[in-house]
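Structural characterization, general
These are the residues of each chain, in order.
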Amino acid sequence: MTFGDILDGSFRLLKANLRTIVLVAAVFLIPVNLVAAFFQRDLLGGYSLLRLLDDPSLFEEAASTGPSNAALFGSLFAVAASILVTPFVGGAISRIVAASYLGGELEPGPAIRATGRRFLALLAVFFFTLLLKLAGLLLCLVGALVPMTFFLVTTPAVMVEETGPIQAMARSVALVRPRFWQVMGIGIVSGLMASFLGNILSAPFSFVALAVGYRWGWILVAIGGIVPALVTTPFVSIVATLVYFDLRIRNEGFDLQMIAAELDRSAPTR
């Protein structure tokens, strides 16, 4: 598949499995974003932007009080929850998309249960790749792109082939190596597209929340986090899964293996 084929296939698979993907993602992403936004309700003293502009002394009041312990706790909780939720949601979506790509269909319940059985492997892969990205970033500003590219299809490998974390990372490197630069380009462009789309979707809610004040505007902040997350998180996971299958077709003739298996199943028995 070309990059255009992968993008087109991503949106078609998202549309075909929209109910299942949104349900699975919403179960985990909505609570995390609600909690994170709730603890921001005292930001800028909870005052609206118009009131702060009308009375500049409120800026000093908000700055002098500083962030509360509850806000700090909420931020830490949101970060910890995101670390646990991100690999789980990515793995579940990869499982759903893989089933759809291979001609099947997976409901939300079985997808969540299947991902739960692989959660420790997904979490280990998430931490290992994150550490390698940070190390690459420290060595060079664009150094994180190398591990990002090599381990782009690690999550699909964990979910489809049910391998351990180290085996999945090695599998991803083996699949990506022959087409390293092409995969890097796909990863960069799809990541930029997801970031741009997320900012477009969240910006209106953020501006309105700032205008009305975070005391009640935190609800808008939560919506502005939930809506883009329900779009961009599945999109990135679907792209990675399609790249995984494309690499298997190019490197291993996976499409021929599937045709042979289908012919074998449909052959008449003696």
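Summarised in this report is the structure supplied together with it. (Residues numbered from 1 in each chain as written. Predicted model: local features only at pLDDT ≥ 70, side-chain atom pairs only at ≥ 80, totals over all residues. Heavy atoms only, no water.)

What to know about helix α6 (residues 108-117)
Put simply, the rule reads: Per-residue accessibility, obtained with a 1.4 Å probe over protein chains only, is compared with the maximum for each type, and a residue is labelled buried under 20%, exposed over 50%, and partly exposed between these values. Put simply, DSSP marks the helices as runs of H or I at least four residues long and the strands as runs of E at least two long, and each gets a number from the N terminus on. The directions considered for the arc are those from the helix axis to the C-beta atoms.
Where α6 is concerned, the buried positions are Pro108, Ala111, Ala114 and Thr115. Down the axis, α6 shows its buried residues gathered within 135° of arc, on one side only. Exposed side of α6, more than 90 degrees from the buried face: Arg113 and Arg117 are the residues found there.

Observations concerning the environment of Pro147
Heads up, the condition is: Contacts are assigned to residue pairs that have any heavy atoms within 4.5 Å of one another.
Inspection of the secondary structure puts Pro147 in helix α8 (residues 145-150). For the pair Pro147 and Leu132, spaced 15 residues apart in sequence, the C-alpha separation works out to 6.3 Å. With near-sequence residues (within four places) excluded, Pro147 lies in contact with Leu132 and Lys133.

Quick look at a nonpolar patch on the surface
Which entries qualify depends on this criterion: A patch consists of residues exposed above 30% relative accessible area that lack any salt bridge, with like charges linked at up to 9 Å and nonpolar side chains (Val, Leu, Ile, Met, Phe, Trp, Tyr) linked at up to 5 Å. A 1.4 Å probe and the Shrake-Rupley method give the accessible areas. Residues count as covered only by the protein chains that appear here. Salt bridges, as used here, are contacts in which a Lys or Arg side-chain nitrogen is within 4 Å of a carboxyl oxygen on Asp or Glu.
On the surface, a nonpolar cluster with roughly 640 Å² of combined accessible area is contributed by Phe127, Phe128, Leu130, Leu131, Leu134, Leu137 and Ile166. For the nonpolar patch, the leading source of residues is helix α7 (residues 119-139), giving 6 residues. Mapped onto the fold, Leu131 is located in helix α7. The exposure class assigned to Leu131 is exposed, which follows from its relative accessible area of 55%.

Considerations on the pattern of salt bridges
Tallied over the full model, the rule gives 8 salt bridges. For Glu161, the salt bridge goes to Arg171, with nearest N and O atoms at 2.9 Å. Within this pair, whereas Glu161 is found in helix α9 (residues 154-161), its partner Arg171 is found in helix α10 (residues 165-176), the two being separated by 10 residues in sequence. Put simply, Glu252 and Arg248 hold a salt bridge, and the shortest N to O gap is 3.3 Å. Within this pair, Glu252 and its partner Arg248 are both found in helix α12 (residues 214-252), separated by 4 residues, close to a single helical turn. We classify Glu252 as partly exposed; its relative accessible area is 29%. What you see here is one network of salt bridges that share partners, running through Glu161, Arg171, Arg248 and Glu252.

Some remarks on the packing of aromatic side chains
The cut-off we apply is this: Here the aromatic set is Phe, Tyr and Trp, taking the six-membered ring for Trp, and pairing holds for ring centres within 6.5 Å; pairs whose planes are under 30 degrees apart are stacked, those over 60 apart are edge-to-face, and all others are tilted.
The final tally for this structure, using the stated rule, is 9 aromatic pairs. Three or more aromatic residues joined by ring pairs form one cluster here, namely Phe28, Phe88 and Phe119.

Some points on the layout of surface pockets
Rules: The definitions used throughout rest on a 1 Å grid laid over the protein atoms alone, on which a cavity is an enclosed set of points accommodating a 1.4 Å probe that cannot get out and a pocket is an open set flanked by protein within 12 Å on both sides along at least five of seven lines; lining residues are those having an atom within 4 Å of a point. Grid points are joined across faces, edges and corners, and a volume is the space filled by probe spheres set on the points. Each residue gets one of three labels, nonpolar for Ala, Val, Leu, Ile, Met, Phe, Trp, Tyr, Cys and Pro, charged for Asp, Glu, Lys and Arg, and polar for the others, Gly among them.
Reported here for the largest pocket is a volume of approximately 1,200 Å³. Considering the residues around the largest pocket, the lining is formed by 38 residues, among which Thr86, Phe126, Lys133, Val236 and Ser237 are closest to the centre. Of all the secondary structure elements, the ones that give two or more residues to the lining of the largest pocket are α2 (18-38), α5 (69-101), α7, α8, α9, α11 (180-212) and α12. A class-by-class count of the residues in the lining of the largest pocket yields 22 nonpolar, 15 polar and 1 charged.

Some points on the nonpolar core
Inclusion rule: For the purposes of this section, nonpolar cores are sets of buried Ala, Val, Leu, Ile, Met, Phe, Trp, Tyr and Cys residues that join through side-chain atoms within 4.5 Å.
Core analysis: the biggest nonpolar cluster contains 50 residues, and Ile21, Val153, Val158, Ile238, Val243 and Leu247 have the highest contact counts within it. Mapped by element, the contributors of at least two residues to this core are α1 (3-16), α2, α5, α7, α9, α10, α11 and α12. When residues in this core are grouped by element, the largest group, 11 residues, is from α12. Residues within four places of Val243 in sequence aside, it is in contact with Ile6, Leu152, Val153, Val183 and Ile186. In terms of nonpolar packing, the next biggest core, distinct from the first, is built from 6 residues, Ala37, Tyr214, Trp218 and Val221 among them.

Topic: the side chain of Thr115
In this fold, Thr115 is placed in helix α6. Here Thr115 is in contact with Phe88, Gly91, Ala92, Leu122 and Met159, once residues within four sequence places are set aside.

Observations regarding unusual backbone geometry
Located in the positive-phi region is Glu162, a residue other than glycine, with phi close to 55°. Position of Glu162 among the secondary structure elements: in the loop between α9 and α10. According to the relative accessible area criterion, Glu162 is partly exposed, its value standing at 47%.

Things to note about the packing of α10 against α12
Going by this rule: In this analysis an axis means a line fitted to C-alpha atoms, helices contributing only their contacting stretch, and an angle means the value between N-to-C directions, from 0 to 180 degrees. Throughout, the term roughly parallel applies to angles under 35 degrees, roughly antiparallel to angles over 145, roughly perpendicular to angles from 65 to 115, and oblique to all others. The handedness criterion is simple: a crossing whose near helix is rotated anticlockwise from the far helix by less than a right angle is left-handed, and one whose near helix is rotated clockwise is right-handed.
Interaxial distance between α10 and α12 falls to 9 Å at its minimum, and their mutual angle equals 60°. Here α12 runs oblique to α10, going by the angle between their axes. Relative to α12, the crossing made by α10 is left-handed. Contacts from Arg171, Ala174, Leu175 and Val176 of α10 reach α12 at Tyr244, Leu247, Arg248, Asn251 and Glu252. For the contact of α10 with α12, a count of residues per class yields 5 nonpolar, 1 polar and 3 charged.

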